[in-house]
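So you can see what is in the structure, the chains are spelled out below.
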Amino acid sequence: MAIEAPPRIARRVSGAKSRILDTADALFYSEGIRSVGIDRLIAESGVTKATFYKHYGSKERLVLSYIEQRSAVMREYCQRIADEHASPADALRSLFAWAGSVIVEQEFRGSPFVNAAAEFHEPGHPVRLLVAAHRDWFSEFLQNRLQECGHPLSGDGADELLLAWDGAMSGGYAGDSIAAAAALQRALERVLAER
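Residues numbered from 1 in each chain as written. Predicted model: local features only at pLDDT ≥ 70, side-chain atom pairs only at ≥ 80, totals over all residues. Heavy atoms only, no water.

Caption draft 1: Layout of the nonpolar core. Formed by 60 residues in total, the largest nonpolar core has its most connected members in Phe28, Leu62, Leu95, Phe96, Phe138, Leu142 and Trp165. Element by element, the count of residues in this core is highest for helix α4 (residues 59-84), at 10 residues. Leave out the neighbours within four places in its chain, and leucine 62 touches Ile20, Leu21, Ala24, Phe28, Leu41, Phe52 and Tyr56. (Core = buried A, V, L, I, M, F, W, Y, C linked by side-chain atoms within 4.5 Å. Buried < 20%, exposed > 50% of the residue type's maximum accessible area, 1.4 Å probe, protein only. Helix = DSSP H or I, 4+ residues; strand = E, 2+ residues; numbered from the N terminus. Contact = heavy atoms within 4.5 Å.)

Caption draft 2: Representation of the packing of aromatic side chains within the structure. Under the counting rule described, the total for this entry stands at eight aromatic pairs. With 5.1 Å between their ring centres and 75° between their planes, phenylalanine 96 and tryptophan 165 make a pair best called edge-to-face. Remark: tryptophan 165 occurs in helix α8 (residues 154-174) and phenylalanine 96 occurs in helix α5 (residues 88-103); sequence separation between them is 69 residues. By the burial criterion, phenylalanine 96 is buried, and tryptophan 165 matches it. Taking 4.9 Å as the distance between ring centres and 65° as the angle between the ring planes, the aromatic pair formed by phenylalanine 138 and tryptophan 165 counts as edge-to-face. Note that phenylalanine 138 is positioned in helix α7 (residues 126-149) and tryptophan 165 in helix α8, a separation of 27 residues in sequence. Take phenylalanine 138 and tryptophan 165: they sit in the same class, and that class is buried. Among the aromatic residues, those joined into a cluster by ring pairs are Phe96, Trp137, Phe138, Phe141 and Trp165. Lying across the ring of tyrosine 29, arginine 70 places its NZ or CZ 4.8 Å from the centre. (Phe/Tyr/Trp six-rings, centres within 6.5 Å; stacked < 30°, edge-to-face > 60°. Lys NZ or Arg CZ within 6 Å of the ring centre and 35° of its normal.)

What follows is the structure in structure tokens.
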């Protein structure tokens, strides 16, 4: 069964709050978090300043909601892939094939998590902490699938896959997206062959 790509934002909130988060998602991803001001977010969301502050209170809270929502969508998508494939290797192949298809899209701008971490330099900043938590979860997800495959060093394999994922996301944006997507698939197959 083919699995649809995750939506850019899961529809968990409604009305003005959702419009603000949807707008932030699109602008933060395409232009960067720090380059987008509150006035622009408010104008493009079609809400008032009072509505913005009622729902988010500050740009930082909106940024944290953006990261949390991106992570939640990715978690749900990965779990759905794992649930819909009897073989953990096939689940990983499906996930990495999806990533490869995203990397070659014209509007692709790299990993939203790596991009956010690059904009917030302080290691203890709440954005960095959310990104670290997401990466820890993703590494564990990869490790669990490799362990289910019988990989002898599933932690090491997960580290390799996470770094290959990061490299493909960055290289796909900064360079040859087709080569990056293909290299990501090869990295997965090499790790799976170690079983």
